[in-house]
Amino acid sequence: MTHEALAQVLGTHRPGITVALHELERAEMIATRRGQITVTDRPRLIRAAGESYGLAEAEYKRLIGPFA
């Protein structure tokens, strides 16, 4: 996924995506390659997300039901 595509999905500007990805990569929570993002430390990434982690999944479950 490109930075531009991720920015569109998240409804933000591409430069902000680039900065965030670089910070997460510098903290060794993710690794990036051309068109690819790999989570390398999920527990730390979840802690870093704080209360925002899981909101989309919870809303989907509330509106549609459990994942199949």
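Residues numbered from 1 in each chain as written. Predicted model: local features only at pLDDT ≥ 70, side-chain atom pairs only at ≥ 80, totals over all residues. Heavy atoms only, no water.

In this section: unusual backbone geometry. One non-glycine residue, E28, adopts positive backbone phi at about 60°. Classification of E28 by relative accessible area gives exposed; the value is 60%. (Buried < 20%, exposed > 50% of the residue type's maximum accessible area, 1.4 Å probe, protein only.)

In the numbering used here, UniProt assigns the feature "domain: HTH crp-type" (unreviewed entry) to residues 1–43. From the first C-alpha to the last, residues 1–43 spans 22 Å; its make-up is 53% helix and 19% strand. (UniProt positions renumbered as here; feature names shortened; annotations may be inferred. Helix = DSSP H or I, 4+ residues; strand = E, 2+ residues; numbered from the N terminus.)

Summarising the model, the chain shows a mean pLDDT of 92, and 99% of its residues fall at 70 or more. Mean pLDDT values over the elements of the chain span from 88, in helix α4 (residues 55–63), up to 96, in helix α2 (residues 14–26). (pLDDT = per-residue confidence, 0-100.)

With that settled, the discussion passes to the nonpolar core. Formed by L6, A7, I17, L21 and I30, the largest nonpolar core amounts to five residues. At the level of elements, α1 (3–10) and α2 are the ones that each hand at least two residues to this core. Residues contacting L6, with those up to four places away along its chain left out, are M1, I17, L21 and I37. (Core = buried A, V, L, I, M, F, W, Y, C linked by side-chain atoms within 4.5 Å. Contact = heavy atoms within 4.5 Å.)

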